[in-house]
Amino acid sequence: MPAYAILGAQWGDEGKGKIIDYLSKRADIVARFSGGNNAGHTVINDLGDFSLHLVPCGVFSDGVINVIGNGVVVDPDVLIEEIESLQQSGIDITQSLMISERAHLIMPYHVILDTLAEAQRGETAIGTTGKGIGPAYSDKTSRTGIRAADILDLDNLKTRLETVLPFTNAVLEKIYGVQPISLKLILEKSEYWQKRLGAFIKPVGRFVNDTLDNGGTVVLEGAQGILLDLDHGTYPFVTSSSPTIGGASTGLAIQPNQITNVLGIFKAYNTRVGSGPFPTELFDGIGEGIRTIAKEFGTTTGRPRRIGWFDGVLARYSNRINGYTSAVITRLDVLDHLDSVSICVGYKLDGEIIDEPPGGVAALERCIPEYETLPGWDVPTAGVSEIADLPKNARAYVERLEELIGCSVDIISTGPHRDHTIMVRDILAS
Ligand code: IMP
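Residues numbered from 1 in each chain as written. Predicted model: local features only at pLDDT ≥ 70, side-chain atom pairs only at ≥ 80, totals over all residues. Heavy atoms only, no water.

Visitor: Teacher, can you tell me more about the packing of aromatic side chains here?
Guide: The relation between two aromatic rings is expressed through the spacing of the ring centres and the mutual angle of the planes. In this structure the tally under the stated criterion is five aromatic pairs. Ring geometry for W11 against F278: centres 5.0 Å apart, planes inclined by 55 degrees, an arrangement best described as tilted. Residue W11 is found in the loop between β1 (3-8) and α1 (16-23), and its partner F278 is found in the loop between β12 (270-272) and α9 (285-293); the two are separated by 267 residues along the sequence. The rings of F266, F310 and Y324 are connected pair by pair, giving a single aromatic cluster. Note that K25 overlies the ring of Y22, its terminal NZ or CZ placed 4.0 Å from the centroid. (Phe/Tyr/Trp six-rings, centres within 6.5 Å; stacked < 30°, edge-to-face > 60°. Helix = DSSP H or I, 4+ residues; strand = E, 2+ residues; numbered from the N terminus. Lys NZ or Arg CZ within 6 Å of the ring centre and 35° of its normal.)

Visitor: I keep staring at the site of the ligand and nothing clicks. Help me out?
Guide: Around the ligand there are 15 residues in total, and D13, N38, T129, T239 and R303 lie nearest to it. Here D13 contributes a side-chain N or O atom positioned 3.1 Å from a nitrogen atom of the ligand. In this structure, an oxygen atom belonging to the ligand sits 2.6 Å away from a side-chain N or O atom of T129. Computed on the free molecule, the ligand has an accessible area of 470 Å², of which 96% lies beneath the protein chains in the complex. Across the shell around the ligand, the residue classes break down as six nonpolar, seven polar and two charged. (Near = heavy atom within 4 Å. Polar contact = N/O pair within 3.5 Å; in protein donor to acceptor, adjacent residues only side chain to side chain. Areas by Shrake-Rupley, 256 points an atom, 1.4 Å probe, with all protein chains shown as cover. Nonpolar A, V, L, I, M, F, W, Y, C, P; charged D, E, K, R; others polar.)

Visitor: Hey, could you run me through the environment of R143 in this one?
Guide: Within the element layout of this structure, R143 appears in the loop between α4 (133-142) and α5 (154-175). Counting along the chain gives 24 residues from R143 to A119, while the straight-line C-alpha distance between them is 25 Å.

Visitor: What exactly am I supposed to notice about the pairing of strand β11 (residues 261-267) here?
Guide: Taken residue by residue, a regular strand's side chains alternate between the two faces of the sheet. The buried fraction of β11 amounts to seven of the seven residues, a majority that puts the element mostly inside the structure. Side chains N261, L263, I265 and K267 of β11 all project onto a buried face; the interleaved residues V262, G264 and F266 project onto the opposite face, where all are buried too. Bridge count for β1 against β11 is five bridges, and the pairing is parallel. Bridging from a neighbouring strand, L7 pairs with G264 of β11. (Buried < 20%, exposed > 50% of the residue type's maximum accessible area, 1.4 Å probe, protein only. Pairing = 2+ DSSP bridges.)

Visitor: When you look at the packing of α5 against helix α6 (residues 183-197) in this model, what are you seeing that I'm missing?
Guide: Relative orientation and spacing of two packed helices are given, respectively, by the angle between their axes and the distance between those axes. Following both chains from N to C, one finds α5 and α6 inclined at 145 degrees, their axes separated by 11 Å at the closest point. Judged by the sense of rotation from one axis to the other, the crossing of α5 with α6 is right-handed. The residues of α6 that touch α5, namely those facing L154, L157, K158, L161, E162 and L165, are L183, I186, L187, S190, E191 and Q194. The residue inventory of the contact of α5 with α6, partitioned by class, reads seven nonpolar, two polar and three charged. (Axes fitted to C-alpha atoms, helices over the stretch in contact; angles between N-to-C directions. Left-handed = near helix turned anticlockwise from the far one by under 90°. Contact = heavy atoms within 4.5 Å.)

Visitor: Is there a simple way to think about the domain arrangement of the chain in this case?
Guide: Frequently, the measure chosen for interface size is the accessible area that the parts lose on association. According to the domain assignment, the chain contains domain 1 (3-101 + 200-261), domain 2 (105-197) and domain 3 (265-429). Here the C-alpha centre of domain 3 lies 37 Å away from the C-alpha centre of domain 2. Taken together, the contacts link six residues of domain 2 with five residues of domain 3. Carbon and sulfur atoms supply 47% of the area that domain 2 and domain 3 bury against each other, a total of about 350 Å² over both sides. Interface area lost by domain 2 to domain 3 is led by G127, T129 and K131, which between them contribute 66%. Between the two partners, domain 2 and domain 3, sit zero salt bridges. One can count three residue pairs in polar contact (both at pLDDT 80 or more) joining domain 2 with domain 3. A per-class count over the side of domain 2 that touches domain 3 returns two nonpolar, three polar and one charged. (Domains from an automatic or database assignment. Buried area = accessible area lost by both parts, 1.4 Å probe. Salt bridge = Lys/Arg side-chain N within 4 Å of Asp/Glu carboxyl O.)

Visitor: Just checking my understanding: could you explain the sheet that holds strand β2 (residues 29-32) for this structure?
Guide: Within a sheet, adjacent strands bond to each other through the backbone by hydrogen bonds, running parallel or antiparallel. Spatial strand order, β9-β7-β5-β2-β10-β1-β11-β15-β19-β20: ten strands in an open sheet with mixed pairing. Two strands in the sheet have a free side with no partner beyond their single neighbour: β9 (201-202) and β20 (421-423). Across five bridges, the pairing between β11 and strand β15 (residues 326-330) is parallel. If you follow I265 over to β15, its bridge partner there is V328.

As structure tokens, then:
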């Protein structure tokens, strides 16, 4: 009953999509457990180049059931669009998609509230993706959310909305001074969503558990990364969900001890989108060069990503929270052009050397990275698929990352395609 959790080990955009696509060849289920369409998972394979926001990355492998778990927030219109767009590329997921009846829905007012709240924050804006993620999760915790199961019973939904909408509309009108949302509009939309998505809405928790109990393989698809986690990230500059190992369990109703493999996906350097502290951020030509070579622009918003050196302090912290059984290093080839590469191995905070990030963002902003510099490699790593073919200096770099993370690097990605992958240890066999 192997369950592989695929977790973002930094600030998201680590290349989880490619790794999930790679592992899904051997999976029975690929199940997404957190976030919403703020995520953008890139998959490049024989079928084409894809950017998935809600649909799990198992859709390209035959016989895989793709589950959207209870921990995900689903914008129904975006999901319908994504299903249609895949269909246009010849990928029919109507027989392989399941949505948890307990997943919360992103309603049109959540998207409006996200944009209005960001505008009101002004200089202190989080830099959200504007997809309604925060307001949808806020409603979930306030117990005023609408769940997938609710659109299956429109009479009950109407009663529920009659309680929920007046408060939301008071906020829209009295706090932000904008037009309220009509109950009629939401009910009409819900009827349409029921027609288009109703058949996929199911009690998936039992199904995932039974598959594991019967010896099946499940890939737990994370979104975003630990440093954007609501509890363990750089709060308040975080998303509103739990992209960590705990989120994998609650977001799919999986018992923690059913998770056999925990894969921490790290980019060979660091990136971040949106505001918030980033100790190793590069403001020079090196950062610009990496952004250009690696096309580091948000998959969902198109915003330029901030670039920095690999941060060993945050990497070790990430492993401490998630307990990786394997580390995966992606985009090693992006560093091919550099004469030397730096790694942050500690922070100096108010004159003292520390090896754990402080909890407060103001203190993290004051941390000055301590760097180690390693020589670059003269032979490119791009496309390499055997560890023996990796240049000596690139291997030394990966080995140093491994020491700092505190976990063996079992997979190295050297390019966007499935076969641009070095399987250092065959974790699928273990
Ligand atoms: P939200 O999730 O849209 O509320 O955005 C909160 C913060 O998380 C912002 O800084 C976003 O840029 C960041 N964020 C959300 N999703 C992703 C992602 O998939 N990759 C990278 N950053 C993300």
